[in-house]
Amino acid sequence: MKVNGNTVPAEEGMTVCTLLEQQGYPATRIAVEVNGEIVPKAQYDTFALHDADTVEIVCFVGGG
């Protein structure tokens, strides 16, 4: 699967939550899009990922 433009192996049963943990992303202040569709945070634990998926992870940064 592609994650932010990089090829990452999709493990059997991998969820968005698992991917975020493996990639070192915090569970807060991010948005995840899979194949052009935003995944609601409530589904991170159950949303299954597949080898052909394209995932974009965006971190929100505060500032002033």
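Residues numbered from 1 in each chain as written. Predicted model: local features only at pLDDT ≥ 70, side-chain atom pairs only at ≥ 80, totals over all residues. Heavy atoms only, no water.

(A) Highlighting the side chain of Thr 15. The topology assignment puts Thr 15 in the loop between strand E2 (6-7) and helix H1 (16-23). Judged by relative accessible area, Thr 15 falls into the buried class, the value being 11%. In this structure the side chain of Thr 15 is engaged in a polar contact, spanning 3.0 Å, whose partner is the side chain of Thr 18. If near-sequence neighbours (up to four positions away) are discounted, Thr 15 is found in contact with Tyr 44, Asp 45, Thr 46, Phe 47, Ala 48 and Leu 49. (Helix = DSSP H or I, 4+ residues; strand = E, 2+ residues; numbered from the N terminus. Buried < 20%, exposed > 50% of the residue type's maximum accessible area, 1.4 Å probe, protein only. Polar contact = N/O pair within 3.5 Å; in protein donor to acceptor, adjacent residues only side chain to side chain. Contact = heavy atoms within 4.5 Å.)

(B) Inspection of the state of the cysteines at higher detail. In total, this model carries 0 disulfides according to the counting rule given. The thiol sulfur of Cys 17 is not disulfide-bonded, and the nearest other cysteine sulfur, from Cys 59, lies at 15 Å. (Disulfide = S-S within 2.5 Å.)

(C) Local environment of the pairing of strand E3 (residues 30-34). Of the two faces of E3, only one is covered, namely that formed by Ile 30, Val 32 and Val 34; the face formed by Ala 31 and Glu 33 stays uncovered. Sheet topology places E3 next to strand E5 (residues 54-59); 5 bridges connect them, and they run antiparallel. What sits directly across from Val 32, in E5, is Ile 57. Relative to strand E4 (residues 37-39), E3 runs antiparallel, the two sharing 3 bridges. Counted as the bridge partner of Glu 33 is Ile 38 from E4. Between E3 and the antiparallel strand that follows it, E4, lie 2 residues; Asn 35 among them carries a positive phi value of about 50 degrees. (Pairing = 2+ DSSP bridges.)

(D) The arrangement of the sheet that holds E4 in detail. What the 5 strands build is an open sheet, ordered E2-E1-E5-E3-E4; its pairing is mixed. Here the strands that pair on one side only, and so sit at the sheet edges, are E2 and E4.

(E) Main features of the confidence of the model for the protein. Per-residue pLDDT for the protein averages 92, and the proportion of residues at 70 or more is 97%. When pLDDT is averaged over each helix and strand of the protein, the minimum, 94, is found for H1 and the maximum, 97, for E4. (pLDDT = per-residue confidence, 0-100.)

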